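# Coordinate inspection notes
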Amino acid sequence: KACLAAKEAGAAFVKTSTGFSTAGATVEDVRLMRQTVGEEMGVKAAGGIRDRATALAMLEAGANRIGASATGSIIAN
């Protein structure tokens, strides 16, 4: 419902989470968000993305932006 409301309001992106809670982005969340908003909006995966494999899985699921505080680790590995 939040993704549909954001789309109706004209938002450019939707975002999975802030990363400041107990859970972050999941591949399932990203896939559902992408299916909901379509290709015309961006999907940002954020929260809990700490390695390259997870970042790539988020991109494969439909994210086109990654929010991560572990950028160095993601790039290095």
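Scroll up a little and you will see the structure.
The present account deals with the structure reproduced in this document. Everything numeric in this text was worked out from a predicted model, so none of it was measured. One numbering rule holds for all chains: residues counted from 1, following each sequence as written. At least 70 in pLDDT is required for a residue's local features to be given in this predicted model, at least 80 for side-chain atom pairs to be given and counted, and no such filter applies to totals for whole chains, interfaces and linings, which use all residues. In computing side-chain properties, one takes all heavy atoms of the structure into account and sets aside hydrogens as well as water.

Think of an α-helix as turning once every 3.6 residues; residues three or four places apart then point the same way. Every buried residue belonging to helix H2 (residues 27-37) is among Val30, Met33, Arg34 and Val37, and all of these are buried. Buried residues along H2 cover an arc of 100° about the axis, so they all sit on one side. Exposed side of H2, more than 90 degrees from the buried face: Glu28, Leu32 and Gln35 are the residues found there. A contact between two residues is defined here by any heavy atoms of the two lying within 4.5 Å. Under the scheme used here, helices are H or I runs from DSSP no shorter than 4 residues and strands are E runs no shorter than 2 residues, and both carry numbers assigned from the N terminus. In this structure, the buried side of H2 is in contact with helix H1 (2-9), strand S1 (13-15), strand S2 (42-46) and helix H3 (52-61). Two residues or fewer after H2 comes Gly38, characterised by a positive phi angle close to 80°. Burial classes follow relative accessibility: with a 1.4 Å probe on protein chains only, a residue under 20% of its type's maximum area counts as buried, one over 50% as exposed, and anything between as partly exposed. The directions considered for the arc run from the helix axis to the C-beta atoms.

Below, the discussion takes up the sheet that holds S1. Two modes of strand pairing occur in sheets, parallel and antiparallel, and in both the strands are linked by backbone hydrogen bonds. The strand order across the open sheet formed by three strands is S1-S2-S3, and the pairing between neighbours is parallel. Every interior strand has two partners, whereas the edge strands, S1 and strand S3 (65-67), have only one. Averaged over neighbouring strand pairs, the angle between their axes works out to 25° when direction is ignored. Against the sheet, H2 makes contact with S1 and S2, and its axis sits at roughly 165° relative to S2, the strand it touches most. Strands pair, by our definition, only if DSSP identifies at least two bridges between them. Only C-alpha atoms enter the line fits that serve as axes; for helices the fit covers just the stretch in contact. Angles between N-to-C directions range over 0 to 180 degrees.

Another point: the packing of H1 against H2. Where H1 contacts H2, the two axes come as close as 9 Å, and the packing angle between them is 40°. Of the possible angle classes, the one that applies to H1 and H2 is oblique. As for the relative orientation of H1 and H2, their crossing is right-handed in sense. Contacts between H1 and H2 involve Cys3, Leu4 and Lys7 from the former and Met33, Thr36 and Val37 from the latter. Classifying every residue of the contact of H1 with H2 by side-chain character gives four nonpolar, one polar and one charged. The scheme is simple: roughly parallel for angles under 35 degrees, roughly antiparallel for over 145, roughly perpendicular for 65 to 115, oblique for anything else. Crossings are assigned a handedness: left-handed for a near helix turned anticlockwise from the far helix by less than a right angle, right-handed for a clockwise turn. When residues are sorted by character, Ala, Val, Leu, Ile, Met, Phe, Trp, Tyr, Cys and Pro go into the nonpolar class, Asp, Glu, Lys and Arg into the charged class, and all the rest, Gly among them, into the polar class.

Before going further, it helps to spend a moment on the side chain of Ser17. Turning to its location among the elements, Ser17 is positioned in the loop between S1 and H2. The term polar contact refers here to a pair of N or O atoms within 3.5 Å; inside protein, the definition further demands a hydrogen-donor-capable atom paired with an acceptor-capable atom, and it admits residues adjacent in sequence only when both atoms are side-chain atoms. Side-chain polar atoms of Ser17 contact the backbone oxygen of Ala46, separated by 2.7 Å. Once you skip the residues sitting within four places of it in the chain, Ser17 turns out to touch Ala23, Gly24, Ala25, Ala46 and Gly47.

Now for the nonpolar core. The set of buried Ala, Val, Leu, Ile, Met, Phe, Trp, Tyr and Cys residues whose side-chain atoms join them within 4.5 Å is what this entry labels a nonpolar core. Among the nonpolar cores identified, the biggest contains 16 residues, and Val14, Val30, Val37, Val43, Ala45, Ile49 and Met58 are the most heavily contacted of them. Going through the elements one at a time, H1, H2, S2 and H3 are the ones with two or more residues in this core. Val14 has contacts with Cys3, Ala6, Met33, Val37, Met41, Gly42, Val43 and Lys44, leaving out every residue within four places of it along the chain.

Read these as geometric descriptors, not functional statements.
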